[in-house]
Amino acid sequence: MKHLLSTADLSKDDALLLLDTAAQMAATQSRAIKKLPTLRGRTVVNLFFEDSTRTRISFEAAAKRLSADVINFSAKGSSVSKGESLKDTALTLHAMGADAVVVRHWASGAPYQLAHAGWLDAAVLNAGDGTHQHPTQALLDAFTIRRHLVGRRGGGDPDGVGADLAGLRVAIVGDVLHSRVARSNVALLRTLGAEVTLVSPPTLVPVGVETWPCRTSYDLDATLADWQPDAVMMLRVQRERMSGGTGGAFFPSPLEYTRYYGLDARRLALLPDHAIVMHPGPMNRGLEISAEAADSDRAVIVEQVANGVAVRMAALYLLLAGDPSAEGNDL
Amino acid sequence: MTTDPTTYVLRGVRPLGGDPADVVLAGGVVAALGAPGSVDVPGDAVEVDGADHVLLPGLVDLHTHLREPGREDAETVASGTRAAAAGGFTAVHAMANTSPVADTAGVVEQVWRLGRDAGFADVHPVGAVTVGLAGERLAELGAMAHSAARVRVFSDDGRCVDDPILMRRALEYVKAFGGVVAQHAQEPRLTEGAQMNEGVVSAEIGLAGWPAVAEEAIIARDVLLAEHVGSRLHVCHLSTAGSVEIVRWAKSRGIDVTAEVTPHHLVLTDELARTYDPTYKVNPPLRTAADVEAVREGLADGTIDIVATDHAPHTREDKDCEWAAAAFGMTGLETALSVVQQTMVDPGRMTWADVARVLSVAPARIGRVEHAHGRPVAVGEPANLTLVDPAATRVVDGAAQATASGNTPFAGRELPGRVVATFLRGRATVLDGAVVEPAGAGAR
Ligand SMILES: [Zn+2]
């Protein structure tokens, strides 16, 4: 693995290696001294063309706990329309000797271009590009699902190390059309053997979804009651989908959205007892998820955040120190 | 305009792919044509060996972006018409979306004169339908029609004349001087922020979709409008299977509609967007393999009248960036004939006579330049001719092209056929595959 651009590029072995490595990383994080010497002397650049404090600090924590030097490069303010030229930025980072570039970009495909245009020879980690992919989010989701639904329930390794997600059912609910989280999860969950149902109003599913390896439904109640998912992943609904904006509103009102697609206590009760509730954050409480659902003991939303650091440590480790002969490579 | 005093004899060429002939060009016209060895050749004639080469009427492009005035960093009338000559064209219709927009007699005359001065191909300016391409009120169509540039094709290309009443008025108004409205069919509300064809690939790679229905809905409306007011309509760069069906239906009803397809829509698909390389970003977007097959079929059966390049040069800065930030468009003048050969002639779906029809005769007729271009290859006709070696192959190199821009989607691809010579009123603008500068360039 030279880059981490899309979960669709990951084989099952790649995905399991990432998750198992993340489990090792998570174990180190319960130690009093969390910092590992693994990436000492390596430079990780957080290149953000779009604001996302949560994702940036997660990557920053991951890199620092592996002892990497971290440079935060925010290219958003310089010129919003075209951004600071992607090419010039890449050439600058190349000249600075970046070993890995963590890139968040408003344009789908920008990380792919950075990895393939020949401007840069660093490892590229996609930290979310447009409406395309957000692979570390899907990996942390899979890690969380495995921990709860394979590890703790299965009675084997508590983190489910070595196991895939075969037979598990995951419902992903909300704005699939604009969601890089949904795209990343559909590909990864399928690779790991889980079944996926996407639940959205018809206006928020992409034309072309019929080729995706999953089911789609417009009916959240039926999906929860009849399909009995093991995990429900709620997607954030952006404000601009409601107000019209350029393309018009995608649904009649926030109230109607909540009525048909919001997760509340009544819908929570339709789920099997072991089912977990997930959300990539930040949540719109009262819109796609009620406070009761978000704060229930089914919700693993806060844990997702913690697992994000372990998964990003694993990704950086495997991309930068994947060579076992590298110095300080034992965990 | 003066004509080249040089006399040429093209030896053993096959007019429209037919039997070999010797063809003498003198005084700007075809002076003699007959079986090899049977014609009188002046002693000073320059010999051009054309064995197994196909002789076509000079190609006519109904849809070229020359970028001048305004974006001379991407292309000029001179560089664009050099590219045209290199591609076998003797006439191009220059689209109106320049800066300033070609919406007045002054601007179209300026572009027309720049073309005459350059001397590589006849430049026929297209006039804007609406002032500033703003889609609000008609430009002075009559003034452009009656200017020295004699504009007959009107288009807001790059934008759609989406207001139905404005489109109706334009269709009606141009009847007074035999004009035609060439519509860039794109329903604007359905394509806000659109980046590529909406379908399986866009869903996967997360680029905003440009649905086929946004093209088809406008074409359907426009053919009905053209029928209602009894006007002539031309559909630019038709790209979907549904559009072919609508035009086929309209023609079966006797509606006076013509349609064009670009070379790139004859061969490239939206799968190329997976590279996120903005070279493949174009409007209308590359469609699916099923659409490609439908436009080939439509071209073969005559539903689609012509191939037009939509040659759209862009600077490196406008393409070396994120897909969503990049400009739409690709160059095409120097690859069009090869693409038509590859997709239509070599598989046996069209003859060279058909190529002459779709790349010369029909576009000349639609653009109302049929007095000079798209003529039969016959004695006494203007010597606007293209000689192509269909057996040659070449690997496209953007940097080696005559166009000032490098955004060819065919870079690195091997294409069949090579333009060996192009003649504009008897003057060789291309000879031995190389562009020939006019003698005493600039003098008229
Ligand atoms: Zn157009």
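Scroll up to find the structure.
Bear in mind that the values here come from a model prediction, so they are computed numbers and not experimental data. (Residues numbered from 1 in each chain as written. Chains lettered and ligands numbered in written order. Predicted model: local features only at pLDDT ≥ 70, side-chain atom pairs only at ≥ 80, totals over all residues. Heavy atoms only, no water.)

Student: Lay out the overall build of chain B with the relevant residues and their values.
Tutor: When helices and strands are tallied, chain B shows ten helices and 19 strands. For 444 residues, the compact-globule estimate of 2.2 N^0.38 gives 22 Å, and the C-alpha radius of gyration of chain B, at 21 Å, lies within 12% of that figure. The buried share of chain B, taken over its 444 residues, is 62%. Of the contacts made within chain B by residues no fewer than 6 positions apart, 74% connect residues no fewer than 24 positions apart. Put simply, chain B shows about 14,800 Å² of open surface, and 51% of that area lies on carbon and sulfur atoms. Charged side chains in chain B number 37 positive and 58 negative. The centres of these two groups are separated by 4 Å. (Helix = DSSP H or I, 4+ residues; strand = E, 2+ residues; numbered from the N terminus. Rg over C-alpha atoms; globule rule 2.2 N^0.38 Å. Buried < 20%, exposed > 50% of the residue type's maximum accessible area, 1.4 Å probe, protein only. Contact = heavy atoms within 4.5 Å. Areas by Shrake-Rupley, 256 points an atom, 1.4 Å probe, with all protein chains shown as cover. Lys, Arg positive; Asp, Glu negative; His and termini not counted. Charge placed at Lys NZ, Arg CZ, Asp CG, Glu CD.)

Student: Give a detailed account of the sheet that holds strand E15 (residues 306-307) of chain B, specifying residues and quantitative values.
Tutor: All names here are of chain B. Taken in spatial order, the five strands line up as E9-E10-E13-E14-E15 in an open sheet, and their pairing is parallel. Pairing within the sheet leaves two strands with one partner each, and these edge strands are strand E9 (153-154) and E15. In terms of strand pairing, strand E13 (residues 233-235) meets strand E14 (residues 257-261) through three bridges, oriented parallel. From the neighbouring strand, Leu233 faces E14, where its bridge partner is Val257. (Pairing = 2+ DSSP bridges.)

Student: Residues and numbers for the coordination of the zinc ion, please.
Tutor: Ideal values for angles at a metal depend on the geometry: 109.5 degrees with four tetrahedral donors, 90 or 180 degrees with six octahedral donors. All names here are of chain B. Note on the zinc ion: its protein donors are Asp157 (OD), His184 (ND1) and His237 (NE2). The metal-donor distances range over 1.9 to 2.2 Å. In terms of primary sequence, the donors binding the zinc ion are separated according to D-x26-H-x52-H. Note that His184 is positioned in the loop between strand E10 (180-183) and strand E11 (196-197) and His237 in the loop between E13 and helix H7 (241-252), a separation of 53 residues in sequence. Of the two residues examined, His184 and His237, each falls in the buried class. (Donors = N, O, S within 2.8 Å, 3.2 Å for Na, K, Ca; no water.)

Student: How would you summarise the environment of Met344(B) if you had to cite specific residues and measurements?
Tutor: Residue and element names in this part refer to chain B. One can find Met344 in helix H9 (residues 336-345). The class of Met344 is buried, set by a relative accessible area of 0%. Between the alpha carbons of Met344 and Asp301 there is a distance of 11 Å; along the sequence they are 43 residues apart. Contact partners of Met344, with chain neighbours within four places excluded, come to Leu266, Arg296, Leu299, Ala300, Arg349 and Met350.

Student: I'd love a proper account of the pattern of salt bridges, names of residues and values included.
Tutor: All names here are of chain B. Counted according to the given criterion, the structure contains 35 salt bridges over all chains. A salt bridge links Arg11 to Glu47; its shortest N-O distance comes to 2.8 Å. Highlighted residues: Arg11 in strand E1 (residues 8-15) and Glu47 in strand E4 (residues 46-49), separated in sequence by 36 residues. Assessed through its relative accessible area of 47%, Glu47 is described here as partly exposed. A salt bridge links Asp318 to Arg71; the nearest nitrogen and oxygen atoms lie 3.2 Å apart. (Salt bridge = Lys/Arg side-chain N within 4 Å of Asp/Glu carboxyl O.)

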